[in-house]
Amino acid sequence: MSVPAVAVIGGGYAGLACAVELARRGVHVTVFERSHTLGGRARVVHKDPHWRVDNGQHILIGAYAELTRLLRLTGGSPRQLEHLPLTLHVPGRLHLRAAALPAPFHLAVGLLRAQGLSWSDRLAMLRLMRALKRDGFRVAPGATVADLLRTTGQTANLIQLVWEPLCVAALNTPIAEACAQVFANVLRDSLASSAAASELLIPRVDLSELFPVPAARFLATRRGRLRTGNAITAIQPVDGGFRLEGDPGSQPWQQVVLATAPYHAAPLLASTGACDRLAAQIDALPHEPIVTVYLALGRGQHLPYAMIGLVSGSTAGPAQWAFDRGRLGGPEGLIACVISASGPHEQLARDELILATHGQLERQLGRRLPAPEWSQVIVEKRATIACRPGIFRPGMRTPLPGLWLAGDYVDSDYPATLESAVRSGVACAQAIFGGGAVAS
Ligand SMILES: Cc1cc2nc3c(=O)[nH]c(=O)nc-3n(C[C@H](O)[C@H](O)[C@H](O)COP(=O)(O)OP(=O)(O)OC[C@H]3O[C@@H](n4cnc5c(N)ncnc54)[C@H](O)[C@@H]3O)c2cc1C
């Protein structure tokens, strides 16, 4: 089937996944990206000439099948991701590591060997997993993760050390508000699936280098065009398709994929003059922040694992996770501390956040740490949409045939993640081909 050239607005993971899938099928595709850096909310930033860090530490799981397929397709090396068996290590409090066995023994044996969990904790975890399995991973409509934890009798220890940090890491939403169904979907495809699906995959290269740059090379060899530093400011329906304000070309596009974050998609949709209701719904989506505090502690400074959990809270400290970038292909001693979702830390100034996370690390590692040689706080106020029960997530079709939506916020059974972004991009490409829906 012959498909005319397609315009993709947005060079984040969704837009590039869509472009790669179209180019793979021989379509001429042009990506318009307003920034000079590819990757959108998952990109490298140069906040300091000596330090290349990402706009936020990201983590993938083995269940992210579509992203790993695209990495292979675009020539990414497996060495770009550190594959770790599911390990939850909270210094002095918890050590839970999935065993190198097929599911469900990887988790069962891991639980048996876990340090820091009482028998009631272990039984509670099994109870939750069994209840979800029994119900086919369907939970009551409208239930929050806190409801699910309550009805399955989870212990306070398990909630604090396992469920709460896992929920904010995966859904970027506090348990009291987070959608239990989406959480159950993530557990279904990770903890309750194969040992490989529950692996943690942590990028060893920066997030622009991981997929966007190989995707750009893939497009270049398939007559794709990438226009960076080229914002599209309006979409105008015309005879034969759409004219894009900001596009230096003069031909209208029959097919346009709008692959920006929701808060940029809403005004562009409104500019068509035919999608006001959809634009207003997308504009009203609630968001949650993510803060990453980078601390360069210098040579000889390591965490016990590449990724550790931290006890967080008003007295313990703001961060939920810390990553040892030195163990992940980065400079020795560079630690990335992640504070997902909203919370009291939002009241702190940047210097206070640095002091608070440094102090939290010292207390929880049980040793004095050197003062940071360099530090950086990156606040992404609208990192992802809030993953609440019943939240509106639009489909990929708009009221205008030929104008499509792609992005992490588009309807999916997954939270707003890199995986949901690339799945929606690929789904758009397949729909443009009339190939029907892609796996959700
Ligand atoms: C700090 C942080 C931590 C995160 N951690 C994780 C994690 O651990 N695991 C995980 O899976 N996900 C994580 N996420 C979420 C993940 O980054 C997003 O789900 C994903 O990057 C969204 O991709 P996208 O392509 O849908 O949107 P975006 O990345 O927002 O891409 C949209 C692109 O469109 C461009 N654009 C906007 N307007 C225009 C215009 N008018 N013209 C042209 N271009 C335009 C933007 O510049 C951007 O490049 C995290 C996000 C953040 C911010």
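Residues numbered from 1 in each chain as written. Predicted model: local features only at pLDDT ≥ 70, side-chain atom pairs only at ≥ 80, totals over all residues.

1. What about the overall build of the protein chain?
Working step 1: On a plain count of helices and strands, the protein chain comes out with 13 helices and 19 strands.
Working step 2: Computed over the C-alpha atoms, the radius of gyration of the protein chain is 22 Å, within 12% of the 22 Å expected from 2.2 N^0.38 for a compact globule of 440 residues.
Working step 3: Along the longest, intermediate and shortest principal axes, the C-alpha atoms of the protein chain span 65 × 50 × 40 Å.
Working step 4: The proportion of buried residues among the 440 residues of the protein chain is 51%.
Working step 5: Within the protein chain, residue pairs in contact and separated by at least 24 positions form 70% of the contacts whose partners lie at least 6 positions apart. (Helix = DSSP H or I, 4+ residues; strand = E, 2+ residues; numbered from the N terminus. Rg over C-alpha atoms; globule rule 2.2 N^0.38 Å. Buried ≥ 20, exposed ≤ 12 C-beta atoms within 10 Å, placed from the backbone. Contact = placed C-beta atoms within 7 Å.)

2. Structural notes on the pairing of strand β17 (residues 334-340)
Working step 1: Along β17, seven of the seven residues are buried, which leaves the element largely enclosed by surrounding structure.
Working step 2: Residue alternation in β17 divides its side chains into two sets, Leu334, Ala336, Val338 and Ser340 and Ile335, Cys337 and Ile339, and both sets are buried.
Working step 3: Pairing analysis gives seven bridges linking strand β14 (residues 287-296) to β17, with the strands arranged antiparallel. By the bridge assignment, tyrosine 294 is partnered in β17 with alanine 336.
Working step 4: Alignment of strand β16 (residues 321-324) against β17, held across four bridges, turns out to be antiparallel. Note that in β17 the partner of aspartate 324 across the bridge is isoleucine 335. (Pairing = 2+ DSSP bridges.)

3. Some remarks on the site of the ligand
Working step 1: In the vicinity of the ligand, 37 residues are found, and the nearest of them are Gly10, Gly12, Gly40, Gly56 and Thr417.
Working step 2: Here the shell around the ligand is built from residues that sort into 16 nonpolar, 15 polar and six charged.
Working step 3: Taken together, domain 1 (6-62 + 206-285 + 388-432) and domain 3 (287-385) each give at least three residues to the shell around the ligand, which thus spans both. (Near = placed C-beta within 6 Å. Nonpolar A, V, L, I, M, F, W, Y, C, P; charged D, E, K, R; others polar. Domains from an automatic or database assignment.)

4. Examining the domain arrangement of the protein chain
Working step 1: Domain annotation of the protein chain identifies domain 1 (6-62 + 206-285 + 388-432), domain 2 (86-198) and domain 3 (287-385).
Working step 2: Breaking the side of domain 2 that touches domain 3 down by element, the ones donating at least two residues are β7 (87-90) and α6 (156-171).
Working step 3: Across the side of domain 2 that touches domain 3, the residue classes break down as nine nonpolar, six polar and one charged.

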